[in-house]
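Examining the three-dimensional arrangement
Here is how the chains run, residue by residue.
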Amino acid sequence: MIKAHQITYKHKEFHILDSVDVQLEYGEFLAIVGPNGAGKSSLLSVLANEVKSKQQILFKDKNISDWPVKELSKHKAKFSQHNSNDIPLEVKDVVMMGRYPYFDAQPKQEDHEAMNKMMYETDVFHLKGREYNTLSGGEKQRVHLSRVMAQLQNEIAHKLIFLDEPLNNLDVKHQYKALEIIKNFTKKANSAVVVLHDLNLAAQYADKILLMKSGRVAAYGTPEEVFTAEKISEAYNFPCTVCDHPITHNPMIIFG
Amino acid sequence: MKAQSKLYVYVTISTILLAIIAVWSLNTGVYDFGGRSAFEVLGKVFSGDSTLSMSDKYVVWDVRAARIIMAILIGSMLAVSGTSLQGLFKNPLATGDLIGLTSGATLLAAITIVLGGHFKQYLPEAVQFSLVGIAAFIGSFLSMLLVYRISTSGGKTNVVMMLLSGVAITAIGFSITGFLIYISKDDQLRDLTFWNLGSLAAATWTKNIILAVVLVISYLIILPKGKALNAMMLGEKDAQHLGINVEKLKKQIIIITALMVGSCVAFSGTIGFVGLIVPYILRLLFKSNYAFILPLSAVCGSILLLTADTFSRSIVEPSELPIGILTALMGGPIFIAILVKFKKSMS
């Protein structure tokens, strides 16, 4: 799906990313975790073609910067960490932006369907006539999740979504709901690269974990491989214990 | 009802309103057609009636009709340029006059008039107007680049910088234009004064044809950009993820608004605030949905300027009020209203 080899990204002689390798298969849910300033968001930006890196990033075996912008938008979408606070539109207009790649002047039936479907799934349907600017932080976050997911409602096989801390400001229920949506998306042979802070949720939902520290890959593998007490306390510089989750049997990380 | 068909309804209603105002405007004036309505006379102009006197024809066709069409074209372009600039800068205060495009255009147009006065008699009318128009376009284009470079970095606009660079450009433009007035000859002086006040009184059909060409070219490019401008509200990177070529969009808006503002200034001088008033009113009704306010500002700009112009030439008959007075009278309070709202959202 996406292959990037030895990505290095510098800002004023300071290495933000240093020789990072990323490889993602079809249907894979990759969680990027790590302490603040580890380069998680920068890695996501480079992979999503927001900033140019010197190294090639292959998306579906083709250099991502060679893709036509409009065509690419039907194959991949990105949920940004810092969403605009000032969008003087109604919620449904914001979600409909996700369908912009699909229509010229007038939204088609399928665009309305995709919009409504995702608004239901992210639990913002009841807000559709509200002004976006009056929503709370968590509601705004869900509106954007809805928009980004609506963007990828199409017949194309093997789509890719990037999400930068999608769970910020969400309450417990909506955190799980958001992860379920992403998980369902990857079950249909699509892939997701998600920056997460909650290691337990990452262990529960992700297929692969990329643990970062100071712009480098500290560990990469399945949750069982990466989430060991040793690797985590080393990366976060904070003591922790890992035990077996009594219900899901995923690794369960307890800090302190 | 689907949003799009609602748009068609609004466009149709406002176009009908514009037509009604145009008829009223045609009938407004001191000239007496010997008991007939101006509309009737216009019909005779079209049917080529030979009983029509030259002066009747002149007043209806070359004075009033030309002026009405010019008000429609200029009002429309000023409003659309304001709306698109606001989309580009993501701020409702961005308009051609406030950020200095108008001053830049006036400056270069004034230079062209004073320097070009020496070989004016050798050039055909259309070429003269085009030269002034091109100079005005270059002036507004350069101002635009300057303002954009100064005020925007990394896709974020600093509103204070944007407005202050407008003030700076206006100051430079004002001083040099003042100097040109000082050294210019009598007939050039008349031309220059006309610019600083802004007026539609010099409307001719040649000018209207040039303006119409500019309008059609600009609108073909800019009116379908409503969706893209909406997406820009998410931020440039997210707009890019939605398949919008952000760099190309920005270049198109910069060139097209400079072209529209430049041509308006070249033919009607500085008519302020139209690009501020029209989108402001439309935003009250349709939020900031550019898919609505961009096409609607094209019609509503015409409505505003034609109404203002008809008042300006009828309330102090037979004399005429500079139209800029009326638009500034409406625009000033709206400017303040936007500032107050802006202050609230900042705190």
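You'll find the structure just up there.
For the structure given in this document, a descriptive report is provided here. Note that the structure is predicted; figures quoted are calculated from it, not measured.

Each value, and the rule that gives it
Residues numbered from 1 in each chain as written. Chains lettered and ligands numbered in written order. Predicted model: local features only at pLDDT ≥ 70, side-chain atom pairs only at ≥ 80, totals over all residues. Contact = placed C-beta atoms within 7 Å. Helix = DSSP H or I, 4+ residues; strand = E, 2+ residues; numbered from the N terminus. Nonpolar A, V, L, I, M, F, W, Y, C, P; charged D, E, K, R; others polar. Pairing = 2+ DSSP bridges. Axes fitted to C-alpha atoms, helices over the stretch in contact; angles between N-to-C directions. Expected span 1.5 Å × (residues − 1). Buried ≥ 20, exposed ≤ 12 C-beta atoms within 10 Å, placed from the backbone.

Looking at the interface of chain B and chain A
Of the residues lining the interface, 18 residues belong to chain B; the matching set on chain A comes to 20 residues. At the level of elements, helix 9 (226-232) and helix 10 (236-241) of chain B are the ones that each hand at least two residues to the side of chain B that touches chain A. Of all the elements, helix 10 of chain B adds the most residues to the side of chain B that touches chain A, at 4 residues. Residues of the side of chain B that touches chain A, tallied by class, amount to 4 nonpolar, 10 polar and 4 charged.

A short note on the sheet that holds strand 2 (residues 14-24) of chain A
All names here are of chain A. Taking strand neighbours across the sheet as the criterion, the 4 strands line up as 2-1-4-5 in an open arrangement whose pairing is antiparallel. The open sheet is flanked by strand 2 and strand 5 (62-63), the only strands paired with a single partner. Inspection of the sheet shows strand 4 (residues 57-59) paired to strand 5 by 2 bridges, in the antiparallel sense. Looking across to strand 5, one finds that Phe59 is bridged to Lys62. Across the sheet, helix 1 (residues 40-47) is in contact with strand 1 (2-11), strand 2 and strand 4; its angle to strand 2 comes to roughly 60°.

Topic: helix 5 (residues 137-151) of chain A
Look at helix 5 of chain A: 21 Å from first C-alpha to last across 15 residues, which is about the 21 Å you get at 1.5 Å a residue. Among the 15 residues of helix 5 of chain A, 13 are classified as buried, and the element is accordingly described as predominantly covered.

Looking at unusual backbone geometry
Keep in mind that most residues, glycine aside, have a negative phi and that most peptide bonds are trans. Residue and element names in this part refer to chain A. Its identity is not glycine, yet Ala189 carries a phi of approximately 65°, on the positive side. You can see Ala189 is positioned in the loop between helix 6 (172-187) and strand 8 (191-195). What makes Ala189 partly exposed here is the crowd of 14 C-beta atoms within 10 Å.

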